[in-house]
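What follows is the residue order along each chain.
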Amino acid sequence: MASSRRSVLRAGLAGAAGLALAGCAGQTDPLAGKSTAVPTQPTTINWWVSRLPSHDGDLRPHLINAFRRRYPQIDVQIVRSPQDTNANRAALTAQILGGSSSPDVYEGDITWAAQFGHASLAMPLREVLPAGYWDAFPPALRSAASYGDELYFLPMYTDQGFLLYRKDLLAKHGLRVPGTWEELVRTSGRLIEAGEVRSGFAWQGASYEGLTADVTEFLADAGGAIVADGSAAFGSPASLRAIEFLHSLVTRGISPAAVSTYQEQDSMQAFLNGDVAFLRNWAYAYGSANEEGSGVAGRVGLSTRPGFDGMPQQANATLGGAGTYLNPHTRNLGAALAFARFIASPEGQRIFATKSDLLPAALGDTDTPSRTLEVASRATLIARPSSTPYYPQVSKAVYTNVNAVIAGARGVPDALGNAVEQIDDALAGAGI
Amino acid sequence: MSNTRQGTLSRKLARTGWLYTAPSLLLILAITIFPIVFSVVLSFSEVRLTLNGFQVQELTLRNYGAMFDSAEWLYALLFTTGYTVVTVALELTLGILAALILERLGAARGWIMALLLIPWSMITVVSGQLWSFIYDSTYGVATWFFGLFTDTPPVIMGSPVSAISAMAAADIWKTTPFVAIIVLAGLMMIPKDVYESAEIDGAGSWKTFWSITFPMLRPTLAIAVLFRVLQAFGLFDLPFVLTSGGPGTSTQSLAMMGYTVLFQDLNIGPGAAIATSTALIVLLACLAFTRVFRYQVGKEDIG
């Protein structure tokens, strides 16, 4: 009995290993044998996408209807994706890794390109696009889509960091919109002293990806970066300056102590409650701060982010947003590609610009830009260091260590040293 | 003669038994044993994700090496163990107290038990979300309450000690009723005459509890502890909802770290190593625990 149990176990082990090893010989080029031509027969493709908020509710039908006016033979079915980024990634990974040909196209975060390309979860797209295709888009977006010499998504919509401010409070005290962080600290101090607000400036300091986005911007302000030339640059004097500044915001009471627990909605809430005069947030914030019932509607201004005094590069904004990825197992490559290209086309991008607060990936070809678009076009976009397949680990090294600093659980040099070590491990593929 | 006939018969019966259970055994093999074995294999492999799914490059011990080298893993291990020991101990104490009270209740017992079971029956993600409202740094009622005693309202999720305590409170609130109900069942099984003779012998209530109730409850407590340790060691939902592991990584449990490494980093080998080692630790802890308690159970001659 005992021996037979052991042999069952042995057989199971061998079977599992054999199954895993069997994958060695197989296809390597997902494009091989597939036509990129737009089909003439009726075809249905599945589009894995989250709800895209528009001025009248949902942007997705607008995009699909406009696409179908051009390609009536292609039907687009929406597959609702999980709202949470990580849950979404896990679900997509399970489905595509299992070899499923559905969804044909999916909305994915712009930081996923290298990881998904490396893990064969996304179709390489350089070959199927004409030369010069990316000229219409910001260089930071192209670099986000790149991994090695391949490209893994087509532009969908972008996002970037902004500064929201209470224009009523600034006007009342004869203050101007801060051009530098030093000025923002002084202005905040005056508004706190005058009893207008409890603290000055809210941003995203919780232990999550949003903090890495904020840190990327402050590093650029100070002339630094998380990764430079393939290794961690997070221990540089510029990094020290940026992180010490973030830490000082909390210790000096300019940012609420709770900022170490703030994700987007928490920082937004603090601003809408009138607790703070300034807010760093993404593109949706200006529209929703001015919505009816926001408490500060009509009293909010929008500008690019300030920079550090005396630093040459100002108005930095971390690039965010989503791209359209293709499933490497799709059986409808032509139709999927046509749809992805339509979303990135001027016509598709115009739908984002006119019908929603989502920023089109190609700015500048709208006749009457919204305030958000106009301010957005003045910023310098900074890409997160997502061109490594180990980006999630790099980012985790950043946000966990910086969060510990903001929460007062760890000193700045100590945390940066720790982060540098973890980032270099991650970049070498040796992290955990 | 009769011996061999009996042997044939029992073999025949066994064969029929195996035949009848074969479908369910196959199912268990497919949905339980195979994934476990597969995940153990992955934990010893250098895995690449390819167009054909998982591809094992080579068999290696590196995943475990990286895991043991990782300060983050070591912290997660200590945190999960410490958290399990403390919360289970508190739940056990509170659960026994609640059960002792429940036992003395008359007609109201059914209603109180139903009320008590509400936290237990709630999905942890939902109750975690409710607790996050209580702990919210701006409008949370707990923040307001503690703010009455301090100059500035505390940021409950902003420091490791308070974040861990807050999480433990949510956990204890949810699972104490479970312990209470199990212990209550044990209490009701203790024969009344033992208490009566204790009373005649002049034992006080304190003495009665420690000399009669507690020893006779041991088998029941063993079961309660076993269930709770298994569950507490797999701590995931609460940090996921309340802190996402922060501040820093101070509330990151082993299960959460495994999830992040597997599904955020897509780092399959090390992720499988974390999952496998976590399962092994729980298994060994439970085996050791039941060993100790089986002896106890035998001595009390119950169960």
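If you're wondering where the values come from, they're calculated on a predicted model, not measured in any experiment.

*Asks:* How do you make sense of the overall build of chain A when you look at a structure like this?
*Replies:* Each helix and strand in chain A was counted, giving 16 helices and 17 strands. For chain A, the C-alpha radius of gyration of 24 Å lies close to 22 Å, the compact-globule estimate for 432 residues. For chain A, buried positions account for 57% of its 432 residues. Sequence separation of 24 or more characterises 75% of the internal contacts of chain A that already satisfy a separation of 6 or more. As displayed, chain A has an accessible area near 16900 Å², and 50% of this comes from carbon and sulfur atoms.

*Asks:* How should I be thinking about the interface of chain B and chain A in this particular structure?
*Replies:* The extent of an interface is frequently quoted as the accessible surface area lost upon association of the parts. Contact with chain B, which involves 42 residues of that partner, is made by 49 residues of chain A. In this assembly, chain B packs against chain A so that about 3700 Å² is buried in total across both faces, 62% of it on carbon and sulfur atoms. Scanning the region where chain B abuts chain A turns up one salt bridge. Across the pair glutamate 72 of chain B and lysine 396 of chain A runs a salt bridge whose closest N-O atoms are separated by 2.7 Å.

*Asks:* Please explain unusual backbone geometry as it appears in this structure.
*Replies:* It is generally the case that most residues other than glycine have a negative phi and that most peptide bonds are trans. The peptide bond linking serine 102 of chain A to proline 103 of chain A adopts the cis configuration, its omega dihedral lying at 0°. With respect to the helices and strands, proline 103 of chain A occurs in the loop between α3 (85-97) and β5 (105-109). Residues other than glycine seldom take positive phi values, yet alanine 315 of chain A does so here, at roughly 55°. On the secondary structure map, alanine 315 of chain A appears in the loop between β14 (300-303) and β15 (316-326). Overall, the relative accessible area of 11% leaves alanine 315 of chain A in the buried class. Positive phi values are uncommon outside glycine, yet serine 244 of chain B reaches one of about 45°. As for its placement among the helices and strands, serine 244 of chain B is situated in the loop between α10 (237-242) and α11 (254-264). You can call serine 244 of chain B partly exposed: its relative accessible area is 26%.

*Asks:* What is the right way to look at the packing of aromatic side chains in this model?
*Replies:* When we look at a pair of aromatic rings, we describe it by the centre distance and by the angle of the planes. In this structure the tally under the stated criterion is 39 aromatic pairs over all chains. Note on phenylalanine 236 of chain B and phenylalanine 240 of chain B: the rings are 5.1 Å apart at their centroids and 20° apart in plane angle, and the pair reads as stacked. Relative to phenylalanine 263 of chain B, the ring of tyrosine 259 of chain B has its centre 5.5 Å away and its plane inclined at 50°; by these criteria the two rings are tilted. Of this pair, tyrosine 259 of chain B and phenylalanine 263 of chain B both sit in helix α11, four residues apart, which is roughly one turn of the helix. A connected cluster of aromatic rings, assembled from ring pairs, spans Tyr106, Trp112, Phe116, Tyr133, Trp134, Phe137, Phe153 and Tyr325 of chain A. The ring of phenylalanine 308 of chain A has arginine 241 of chain A lying over it, and the distance from NZ or CZ to the ring centre is 4.6 Å.

*Asks:* How should I be thinking about helix α5 (residues 124-135) of chain B in this particular structure?
*Replies:* What sets the pattern is the α-helix's 3.6 residues per turn: residues three or four places apart point alike. All names here are of chain B. Between its first and last C-alpha atoms α5 spans 16 Å; for twelve residues at 1.5 Å apiece the expected length is 16 Å, and the two agree. For α5, the complete set of buried residues consists of Thr124, Ser127, Gly128, Trp131, Ser132 and Tyr135. Here the buried residues of α5 occupy an arc of 150° about the axis, which is enough to place them on one side.

*Asks:* Looking at this structure, how should I read the sheet that holds β14 of chain A?
*Replies:* Backbone hydrogen bonds are what pair the strands of a sheet, in a parallel or an antiparallel way. All names here are of chain A. In space, the four strands of this open sheet follow the order β10-β13-β9-β14, with mixed pairing throughout. Each edge of the open sheet carries a strand with a single partner, namely β10 (199-202) and β14. Neighbouring strand axes in the sheet, compared pairwise and without regard to direction, differ in orientation by 20° on average. Pairing of strand β9 (residues 162-166) with strand β13 (residues 276-281), which is carried by four bridges, proceeds in the antiparallel orientation. Across the sheet, tyrosine 165 pairs through a bridge with phenylalanine 278, a residue of β13.

*Asks:* Please clarify how helix α12 (residues 333-344) of chain A should be interpreted in this entry.
*Replies:* The terminal C-alpha atoms of α12 of chain A, which comprises twelve residues, lie 16 Å apart, in line with the 16 Å expected from a rise of 1.5 Å per residue. For α12 of chain A, a buried count of eleven out of twelve residues is recorded, marking the element as mostly surrounded by other parts of the structure.

*Asks:* I tried to follow the side chain of threonine 43 of chain A on my own but got confused; where do I start?
*Replies:* Residues and elements named next belong to chain A. Summarising the element assignment, threonine 43 is placed in strand β1 (residues 43-49). A relative accessible area of 12% places threonine 43 in the buried class. Not counting residues up to four positions away in its chain, the partners in contact with threonine 43 are Gln73, Ile74, Asp75, Asn332 and Ala335.

Conventions used here
- The residue count restarts for each chain, going from 1 along the sequence in the order it is written.
- Here every chain gets a letter starting at A, and every ligand a number starting at 1, in the order they are written.
- The predicted nature of this model means local features are confined to residues of pLDDT at least 70 and side-chain atom pairs, given and counted, to a pLDDT of 80 or more, with totals for whole chains, interfaces and linings taken over all residues.
- Side-chain metrics in this entry use all non-hydrogen atoms of the structure; hydrogen atoms and water are not considered.
- By definition, any uninterrupted DSSP run of H or I lasting at least four residues is a helix, any uninterrupted run of E lasting at least two residues is a strand, and each is numbered from the N terminus.
- The globule rule used here is 2.2 Å times the number of residues to the 0.38 power, and the radius of gyration it is set against is calculated over C-alpha atoms.
- Any residue under 20% of the maximum accessible area for its type is buried, any over 50% is exposed, and the rest in between are partly exposed; the area is computed with a 1.4 Å probe on protein chains only.
- When checking whether two residues touch, look at their non-hydrogen atoms; a contact exists if any pair is within 4.5 Å.
- Only the protein chains shown count as cover for residues, and the accessible areas themselves come from Shrake-Rupley with a 1.4 Å probe.
- Once two parts are brought into contact, the accessible area they lose, counted with a 1.4 Å probe and summed over both, makes up the buried area.
- We define a salt bridge as a side-chain nitrogen of Lys or Arg found within 4 Å of a carboxyl oxygen belonging to Asp or Glu.
- Pairing of aromatic side chains requires ring centres within 6.5 Å, counting the rings of Phe and Tyr and the six-membered ring of Trp. Pairs whose planes differ by under 30 degrees are stacked, by over 60 edge-to-face, and all others tilted.
- Whether a charge sits over a ring comes down to the Lys NZ or Arg CZ being within 6 Å of the ring centre and within 35 degrees of the ring normal.
- Each residue after the first adds 1.5 Å to the expected span of a helix.
- This arc is built from the directions going out from the helix axis to the C-beta atoms.
- Here, strands pair whenever DSSP counts at least two bridges between them.
- Orientation is described by lines fitted to C-alpha atoms, with helices fitted over the stretch in contact, and by angles between N-to-C directions that extend from 0 to 180 degrees.

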